[in-house]
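Residue-level listing of the chains:
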Amino acid sequence: VEEEARVKAEAEAAEVERLRVKAEAEAAEVERLRVEEEARVKAEAEAAEAEAARVKAEAEAAEVERLRVEEQARVKAEAEAAEVEAARVKAEAEAAEAEAARVKAEAEAAEVERLRVEEAARVKAEAEAAEAEAARVKAEAEAAEVERLRVEEEARVKAEAEAAEVEAARVKAEAEAAEVERLRVEEEARVKAEAEAAEVEAARVKA
């Protein structure tokens, strides 16, 4: 009976030991599974962090690309605006040059017109002076003719009075009359020549 009790006790102790080993093995398996689960969770967390970092990096890269595109667009817009401004300035400069050329041309035309008016006035003044000179020469010729006629009339009256008073001096008077006639003819020729010369001079001045 004691032996049976001992064997039974050993068997029970062995069973308890088996159960303890089994429990330890199960506990070890649980611990392994826990460790694996922690490692998996940690790996997933790290993967999630890596994914978040990748997404963040992609977002930052996208933001950098957006800023780069915006900067390029701004630079392009500024360059186009600068080109437009340069074209406007060039157009204004060309317009200013055209205006200056127009003003210069108008000034030159005004100067030409002034010179033409001055020349016309000078020619008119010269023509008027020539006409005045011709009129003066003509007046002098007419005055000379009147004077000549007056002298002739006086000579004729004097000759007639002398002929009436002194019949005896008729021959002498006729000789004197002939001399007077010759002088008259010469005077008429001289006066006529002077008048013709004056008319020729007037025509030359007028031309």
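Residues numbered from 1 in each chain as written. Predicted model: local features only at pLDDT ≥ 70, side-chain atom pairs only at ≥ 80, totals over all residues. Heavy atoms only, no water.

(A) Structural context of the overall build of the protein chain. The secondary structure content of the protein chain amounts to two helices and zero strands. Computed over its C-alpha atoms, the radius of gyration of the protein chain comes to 73 Å, more than 25% above the 17 Å expected for a compact globule of 207 residues. C-alpha extents for the protein chain along the principal axes are approximately 240 × 15 × 10 Å. With 207 residues in all, the protein chain has 3% of them scored as buried. Distance between charge centroids for the protein chain: 2 Å, based on 37 positive and 64 negative side chains. (Helix = DSSP H or I, 4+ residues; strand = E, 2+ residues; numbered from the N terminus. Rg over C-alpha atoms; globule rule 2.2 N^0.38 Å. Buried < 20%, exposed > 50% of the residue type's maximum accessible area, 1.4 Å probe, protein only. Lys, Arg positive; Asp, Glu negative; His and termini not counted. Charge placed at Lys NZ, Arg CZ, Asp CG, Glu CD.)

(B) Representation of the pattern of salt bridges in the model. Counted under the stated rule, the structure contains 44 salt bridges. Across the pair Arg34 and Glu31 runs a salt bridge, and its minimum N-O distance is 2.1 Å. You can see Arg34 and its partner Glu31 sitting in helix H1 (residues 2–165), three residues apart, about one turn around the helix. On the accessibility criterion, Arg34 (37% relative accessible area) is partly exposed. Note on Glu31: relative accessible area 38%, which makes it partly exposed. Of the charged contacts in the structure, one is a salt bridge between Arg136 and Glu133, with a shortest N-O distance of 2.3 Å. Taken together, the residues span about one helical turn, with Arg136 and Glu133 both in helix H1 at a distance of three residues. (Salt bridge = Lys/Arg side-chain N within 4 Å of Asp/Glu carboxyl O.)

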